[in-house]
Amino acid sequence: MITSAQMRAARALLGLDQKTLAELSGVSVPTIQRMEASAGTVRGVVDSLTKVVEALEGAGVELIGDGATSLSGGRGVRLKSPASNS
């Protein structure tokens, strides 16, 4: 669904700290911290994860999955696959 790196990057693009994201999403700061500390895909309660994703998207970030295209036309960044980092 979303990786911990995407979550941290989305927060950084929006200029949000963990406390503000917690307030926007209605989850606790420790929940945000646990999600961001996950290795790879964020683990946690699906309802909490959904709230965080909706808060990030509502604040203006488009979360793009592997191989997906972005049709919104906004500015952004995308992590290259490891094979194409050379």
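Residues numbered from 1 in each chain as written. Predicted model: local features only at pLDDT ≥ 70, side-chain atom pairs only at ≥ 80, totals over all residues. Heavy atoms only, no water.

(A) Representation of the UniProt feature "domain: HTH cro/C1-type" (unreviewed entry) in the chain. What UniProt calls "domain: HTH cro/C1-type" (unreviewed entry) maps, in this numbering, to residues 7-36. In the segment residues 7-36, helix accounts for 80% and strand for 0%; the C-alpha atoms at its two ends are 7 Å apart. (UniProt positions renumbered as here; feature names shortened; annotations may be inferred. Helix = DSSP H or I, 4+ residues; strand = E, 2+ residues; numbered from the N terminus.)

(B) Quick look at the packing of helix α3 (residues 29-37) against helix α4 (residues 46-58). It is the contact of α3 with α4, at a shortest axis distance of 11 Å, that shows an interaxial angle of 90 degrees. Taken together, the axis directions place α3 and α4 in an arrangement best described as roughly perpendicular. In contact with T31, I32 and M35 of α3, α4 contributes S48, L49 and V52. (Axes fitted to C-alpha atoms, helices over the stretch in contact; angles between N-to-C directions. Parallel < 35°, antiparallel > 145°, perpendicular 65-115°, else oblique. Contact = heavy atoms within 4.5 Å.)

(C) Local environment of the nonpolar core. The biggest cluster of nonpolar side chains holds 15 residues, and the ones touching the most others in it are I2, M7, L21, I32, V52 and L56. Those elements giving two or more residues to this core turn out to be α1 (4-14), α2 (18-25), α3 and α4. Counting residues per element, this core draws most heavily on α4, which supplies five residues. Among all residues touching I32, those that are not within four sequence positions of it are M7, Q18, L21, A22, S25, V27 and V52. (Core = buried A, V, L, I, M, F, W, Y, C linked by side-chain atoms within 4.5 Å. Buried < 20%, exposed > 50% of the residue type's maximum accessible area, 1.4 Å probe, protein only.)

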